[in-house]
Amino acid sequence: MPEPESHHGDPAAHDVHAHSATLKRLEKSSGSLAAQAIARMDETLPWYRAMPPENRSWIGLVAQAGIAAFTEWFRRPDAPQAISTDVFGTAPRELTRAITLRQTVEMVRTTIEVMESAIDEVAAPGDESVLREALLVYAREIAFATAQVYAQAAEARGAWDARLESLVVNAVLSGEADEGAVSRAAALGWNSPEHVCVVLGTAPDGDSELTVEAIRRASRHAKLQVLTGVLGDRLVVIAGGSDNPLAVARSLIGPFAAGPVVAGPVVPDLLAATRSAQAAAAGLKACTAWQDAPRPVLADDLLPERAIAGDPGAREQLVEEIYRPLEEAGSALLETLSVYLEQASSLEGAARMLFVHPNTVRYRLRRVTDVTGWSPSDVRSAFTLRIALILGRLADGEAQA
């Protein structure tokens, strides 16, 4: 009568038998191991204890999935495994939003430690080293999977944030900014600073994402909040946190391509930023008419060129901020300024035409500067004042017609 076969003389058969026995023990104890891992987290991780029940349940699901994935890994160690799907497929979006990468690493480490401490109990006799080696390889793979999940989540958030930011920037530039744009900006971290201005210039060739990131780096250094984007060939920056638009433009000018860079006026909030954007856009268009314009330049310094180019906002601003105040200050100031400019900025010539002493002309011109903020003795300011006088007279003529 033949004797029953024995595995004692066949190492390969013994390994298969031990592997099968270990696998059965692992399957049987998976629930207990998951419970131990959760208990260990509750005991050693303060952030886990402080989380709401819903978030803790997500982590429990991930821990259970991790142990189940290891069981499948151990069942077929040579088969390719999609660990990131097996473990994090339960709630990947919720996981990356609920806890940080550092916390996830702590969670995975705790679970692996619990499994490692149970090797002697779970492994079949003689199979301890095999199980320990498999767990070591699995721990490495789960670490890579963790990094991949968070990297993918970061990329998705980055792409979504870029689209959202582009919508806000476009709304401001096109004059369609509303409360929806404000809400989208808030979602991007915009904290509603008191002072806002828009800076426009030419975008450099190449990757627009690199340009946007360069603007963000410059803004962090200047302690400014920014919303930025490349729209066509223009680089648009909505900057908050400073009441000096020229200083803002200077601190952010590095990433702009060669050519004019124009800063719009400061406005109180994002909803009013359209006014700053429209002034900057009109200034950028008209800047070619002032070949010696500084870089960067204020949109308000380009008022005469903007007015000649047909910008109604610039025309209105010149009339309301220069012509009307002079008109209200008395006819003597308007007349003196007009004659002075017609006489090629000659004090003596203006005095002769007005039949007054040159000191009287000098005094009235100082009053013009006080009233308007523009000095008739400066060539650039004189040009601006001349355009304002012309537009004011045209406006008066249209009103009388």
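Data block above holds the structure.
Residues numbered from 1 in each chain as written. Predicted model: local features only at pLDDT ≥ 70, side-chain atom pairs only at ≥ 80, totals over all residues. Heavy atoms only, no water.

### Observations concerning the overall build of the protein chain
Then, number 1: From N to C terminus, the protein chain includes 18 helices and 5 strands.
Then, number 2: Looking at the protein chain alone, contacts between residues at least 24 apart form 68% of all its contacts between residues at least 6 apart.
Then, number 3: Summed over all atoms, the accessible surface of the protein chain reaches about 21300 Å², with 53% contributed by carbon and sulfur. (Helix = DSSP H or I, 4+ residues; strand = E, 2+ residues; numbered from the N terminus. Contact = heavy atoms within 4.5 Å. Areas by Shrake-Rupley, 256 points an atom, 1.4 Å probe, with all protein chains shown as cover.)

### Some remarks on the sheet that holds strand E2 (residues 225-231)
Then, number 1: The strand order E2-E3-E1-E4-E5 describes an open sheet built from 5 strands, whose pairing is mixed. The strands lining the two open edges of the sheet, one partner per strand, are E2 and strand E5 (297-298).
Then, number 2: For strand E4 (residues 261-263) and E5, the ladder comprises 2 bridges, and the chain directions are parallel. Looking across to E5, one finds that Ala 263 is bridged to Leu 298.
Then, number 3: Relative to the sheet, helix H11 (residues 245-252) contacts strand E1 (196-202), E2, strand E3 (234-240), E4 and E5, its axis offset from that of E1 by approximately 45 degrees. (Pairing = 2+ DSSP bridges. Axes fitted to C-alpha atoms, helices over the stretch in contact; angles between N-to-C directions.)

### Details of the side chain of Asp 311
Then, number 1: With respect to the element layout, Asp 311 can be found in the loop between helix H13 (303-308) and helix H14 (312-329).
Then, number 2: Given the relative accessible area of 16%, Asp 311 is considered buried.
Then, number 3: A polar atom in the side chain of Asp 311 sits 3.1 Å from the backbone nitrogen of Gly 313.
Then, number 4: Here Asp 311 is in contact with Ala 282 and Arg 306, once residues within four sequence places are set aside. (Buried < 20%, exposed > 50% of the residue type's maximum accessible area, 1.4 Å probe, protein only. Polar contact = N/O pair within 3.5 Å; in protein donor to acceptor, adjacent residues only side chain to side chain.)

### Things to note about the pattern of salt bridges
Oppositely charged side chains can form a pair if their charged atoms are brought close together.
Then, number 1: Taken as a whole and assessed by the stated rule, the structure comprises 9 salt bridges.
Then, number 2: Across the pair Arg 132 and Asp 120 runs a salt bridge, and its minimum N-O distance is 3.8 Å. Remark: Asp 120 occurs in helix H7 (residues 119-122) and Arg 132 occurs in helix H8 (residues 128-174); sequence separation between them is 12 residues.
Then, number 3: Assessed through its relative accessible area of 53%, Asp 120 is described here as exposed.
Then, number 4: A salt bridge links Glu 327 to Arg 324; the nearest nitrogen and oxygen atoms lie 3.0 Å apart. With Glu 327 and Arg 324 both in helix H14 and 3 residues apart, the pair spans about one turn of that helix.
Then, number 5: Residues joined by salt bridges that share partners form a network here, namely Asp 300, Arg 306 and Asp 311. (Salt bridge = Lys/Arg side-chain N within 4 Å of Asp/Glu carboxyl O.)

### Things to note about helix H17 (residues 358-372)
Then, number 1: Between its terminal C-alpha atoms H17 stretches 21 Å, which fits the 21 Å expected from 15 residues at 1.5 Å a residue.
Then, number 2: Residues of H17 that are buried include every one of Val 361, Arg 364, Leu 365, Val 368 and Thr 372, and no others. With its buried residues spanning 100 degrees around the axis, H17 presents them on a single face.
Then, number 3: Summarising the contacts, the buried residues of H17 are in contact with H14, helix H15 (331-342), helix H16 (347-354) and helix H18 (379-400). (Expected span 1.5 Å × (residues − 1). Arc of directions from axis to C-beta.)

### Some points on the packing of aromatic side chains
The relation between two aromatic rings is expressed through the spacing of the ring centres and the mutual angle of the planes.
Then, number 1: Within the structure shown, the criterion is met by 3 aromatic pairs.
Then, number 2: For the ring pair Trp 47 and Tyr 48, a centre distance of 6.3 Å and an interplane angle of 85 degrees mean the geometry is edge-to-face.
Then, number 3: Judged by its relative accessible area of 14%, Trp 47 falls in the buried class.
Then, number 4: Three or more aromatic residues link up through ring pairs in this structure, and these residues are Phe 70, Phe 74 and Tyr 138. (Phe/Tyr/Trp six-rings, centres within 6.5 Å; stacked < 30°, edge-to-face > 60°.)

### Looking at the nonpolar core
One recurring pattern in soluble globular proteins: nonpolar side chains tend to sit buried together.
Then, number 1: Counting residues in each nonpolar core, the largest one holds 33 residues, and the members touching the most others are Met 41, Trp 47, Ile 59, Phe 70, Met 107, Leu 131 and Tyr 138.
Then, number 2: Looking at this core, the elements that each hand over two or more residues are helix H1 (11-44), helix H2 (46-49), helix H3 (53-75), helix H6 (101-117), H7 and H8.
Then, number 3: With 8 residues, H3 is the single largest residue contributor to this core.
Then, number 4: Not counting residues within four places of it along the chain, the set of residues in contact with Phe 70 comprises Leu 26, Met 115, Leu 131, Ala 134, Leu 135 and Tyr 138. (Core = buried A, V, L, I, M, F, W, Y, C linked by side-chain atoms within 4.5 Å.)

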